[in-house]
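Chain by chain, the residues:
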Amino acid sequence: MKDKKELILERWINKQKAEDNYFNADEQQQDSEELLDAFLSALDDHNIDDRNAREFDKVYEILMGISVSRAKRGFSPRETGVYLFSLKESLLETLAEGIGDPEKLYTDSLKVSKIIDNMTILTFEGYIKGREDVIARQTDEITEISTPVIRVWDGVVALPIIGTLDSSRTQVIMENLLVQIVETGSTIAILDISGVPAMDTLVAQHLIKTVSATRLLGAECIISGIRPEIAQIVVHLGIDLSNIITKSTLANALQTAFNMLQLEVNKKKGITPNN
């Protein structure tokens, strides 16, 4: 098989082209050549029946890298499995041409099949790892997008919170808010929780921590979006928010911020939005 490496690679690539509608000639040929070269370099008469031999460590490392990469690019476990099965077919076809003894051919084919089947099982582990990486990255991106800090006025920033708060998300909220307070030189921060579905002791603790961190930078914090049902839950749970300024709407919180900054906003008569 080592002497027939080029033939095996050619057969494997042709099978991939026939089975893969999204075949990328340059990328997949490079991956396939690297994997096949490592596999044939590691294979010898002493370890052909030992799929756990240390010589195959590099092969498995390359295979895991390919599996993770394919998972991130949207390949299914079945597609990656077929990718390895087509390698097995190419190896067995070449093996059949070089061994005339049916009994020896059967024995050696069985040994090669066991090694490739073990490699195929590893691709599922690679797929899971690849998808976990994608999910983790998307979770971080969604968390980042869902916690925008908005500069609504000179000296005033607002952070609308949507969804449930947990420890990791609270940390992101706190970091983003504190960074914006420093960068904009704001003295008032508004946390709008109208998009928070429920309030419990844990959520309240997260909010209190955020308010405390904001005050350490010399800024006052206002919590807006306190709906009637949220207010009832806060009272029922005995959560003390008495030392925090709270408002029912973001508009009320903004008006309070203007008053604290001694600002007054007046509508000029005779001017329409189109003008």
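Preceding this paragraph is the structure being described.
Remember, predicted model here, so these are calculated numbers, not experimental data.

Rules behind the numbers
Position labels on residues start from 1 in each chain and follow its written sequence. The predicted origin of the model limits local features to residues at a pLDDT of at least 70 and limits the giving and counting of side-chain atom pairs to 80 or more, whereas totals for whole chains, interfaces and linings rest on all residues. Side-chain numbers here rest on the full set of heavy atoms in the structure, without hydrogens or water. Working convention: axes come from line fits to C-alpha atoms, limited for helices to the stretch in contact. Angles between N-to-C directions cover 0 to 180 degrees. Here a strand is any run of E in DSSP of at least two residues, a helix any run of H or I of at least four, and the numbering for each starts at the N terminus. The scheme is simple: roughly parallel for angles under 35 degrees, roughly antiparallel for over 145, roughly perpendicular for 65 to 115, oblique for anything else. Left-handed is the label given to a crossing in which the near helix is rotated counterclockwise from the far helix by less than a right angle, and right-handed is the label when the rotation is clockwise. Any two residues having at least one pair of non-hydrogen atoms within 4.5 Å are treated as being in contact. Side-chain classes are defined by residue name, with Ala, Val, Leu, Ile, Met, Phe, Trp, Tyr, Cys and Pro counting as nonpolar, Asp, Glu, Lys and Arg as charged, and the others, Gly among them, as polar. Basic side-chain nitrogens of Lys or Arg form a salt bridge, by our definition, when they fall within 4 Å of a carboxyl oxygen of Asp or Glu. Residue exposure (1.4 Å probe, protein chains only): buried if accessible area is under 20% of the type maximum, exposed if over 50%, otherwise partly exposed. What counts as a ring pair is set by centres within 6.5 Å for rings of Phe, Tyr and Trp (its six-membered ring), and what kind of pair is set by the plane angle: stacked under 30 degrees, edge-to-face over 60, tilted for all other angles. Think of it as a cone above the ring: NZ of Lys or CZ of Arg counts as a charge over the ring if it is within 6 Å of the ring centre and within 35 degrees of the ring normal. Here a polar contact is recorded for every N or O atom pair within 3.5 Å, except that within protein the pair must consist of a potential hydrogen donor and a potential acceptor, and residues adjacent in sequence are included only if both atoms are side-chain atoms. The pocket and cavity definitions rest on a 1 Å grid over protein atoms only: a 1.4 Å probe that fits but cannot leave marks a cavity, an open set with protein on both sides within 12 Å along at least five of seven lines marks a pocket, and residues lining either have an atom within 4 Å of a point. Grid points are joined across faces, edges and corners, and a volume is the space filled by probe spheres set on the points.

S.K.: Looking at this structure, how should I read the packing of helix α6 (residues 167-184) against helix α7 (residues 201-216)?
M.R.: When two helices pack together, their arrangement is given by the angle between the helix axes and by the axis-to-axis distance. For the pair α6 and α7, interaxial distance at closest approach is 10 Å and the crossing angle is 20°. In terms of orientation, α6 lies roughly parallel with respect to α7. Taken as a pair, α6 and α7 cross one another with a handedness that is right-handed. Between α6 and α7, the contacting residues are S167, T170, M174, L177, L178 and I181 on the first element and H206, K209, T210, A213 and T214 on the second. Class assignment of the residues belonging to the contact of α6 with α7 gives a composition of 5 nonpolar, 5 polar and 1 charged.

S.K.: Help me understand the pattern of salt bridges, please; the structure alone is not making it clear to me.
M.R.: Pairs can form between side chains of opposite charge whenever their charged atoms are close. Evaluated as defined, the whole model comprises 9 salt bridges. For E97, the salt bridge identified is with R11, shortest N-O distance 2.3 Å. Within this pair, whereas E97 is found in helix α4 (residues 77-98), its partner R11 is found in helix α1 (residues 5-19), the two being separated by 86 residues in sequence. Taking relative accessible area as the criterion, E97 reaches 54% and is therefore assigned exposed. Note on R11: relative accessible area 18%, which makes it buried. In this structure, E93 engages K15 in a salt bridge whose closest nitrogen and oxygen atoms are separated by 3.0 Å. Placement of the pair is E93 in helix α4 and K15 in helix α1, with a sequence separation of 78 residues.

S.K.: Quick question: what am I supposed to make of the packing of aromatic side chains here?
M.R.: For any two aromatic rings, the description comes down to two numbers: the centre-to-centre distance and the angle of the planes. Counted under the stated rule, the structure contains 4 aromatic pairs. By the ring-pair criterion, three or more aromatic residues cluster together here, those being F39, F56 and Y60. Taking NZ or CZ as reference, R70 lies 4.6 Å from the ring centre of Y83, over its face.

S.K.: Would you take a moment to explain the environment of D117 for this structure?
M.R.: Following the sequence through the fold, D117 ends up in helix α5 (residues 102-145). As a C-alpha pair, D117 and V157 span 40 residues in sequence and 58 Å in three-dimensional space.

S.K.: Mind showing me how you'd approach the environment of R227 here?
M.R.: Its location among the elements puts R227 in the loop between β4 (220-224) and α8 (228-237). On the basis of relative accessibility, which here comes to 23%, the residue R227 falls in the partly exposed class. For the pair formed by R227 and S194, sequence separation is 33 residues and the distance between their alpha carbons is 7.0 Å. Residue contacts for R227: discarding those within four places in its chain leaves I193, S194, V196 and P197. There is a polar contact of 2.8 Å between the side chain of R227 and the side chain of E229.

S.K.: Is there a simple way to explain the side chain of H206 in this structure?
M.R.: Following the sequence through the fold, H206 ends up in helix α7. If near-sequence neighbours (up to four positions away) are discounted, H206 is found in contact with L165, D166, S167 and T170.

S.K.: Quick question: what am I supposed to make of the layout of surface pockets here?
M.R.: Sizing a probe to match a water molecule and rolling it over the atoms shows the empty space that remains. As a volume, the largest pocket reaches approximately 300 Å³. Looking at the largest pocket, the residues that line it are M1, K2, L43, D44, D45, I48, L95, I99, K104, D108 and K111. Tallying contributions element by element places α5 first for the lining of the largest pocket, with 3 residues. For the lining of the largest pocket, the class distribution of residues is 5 nonpolar, no polar and 6 charged.

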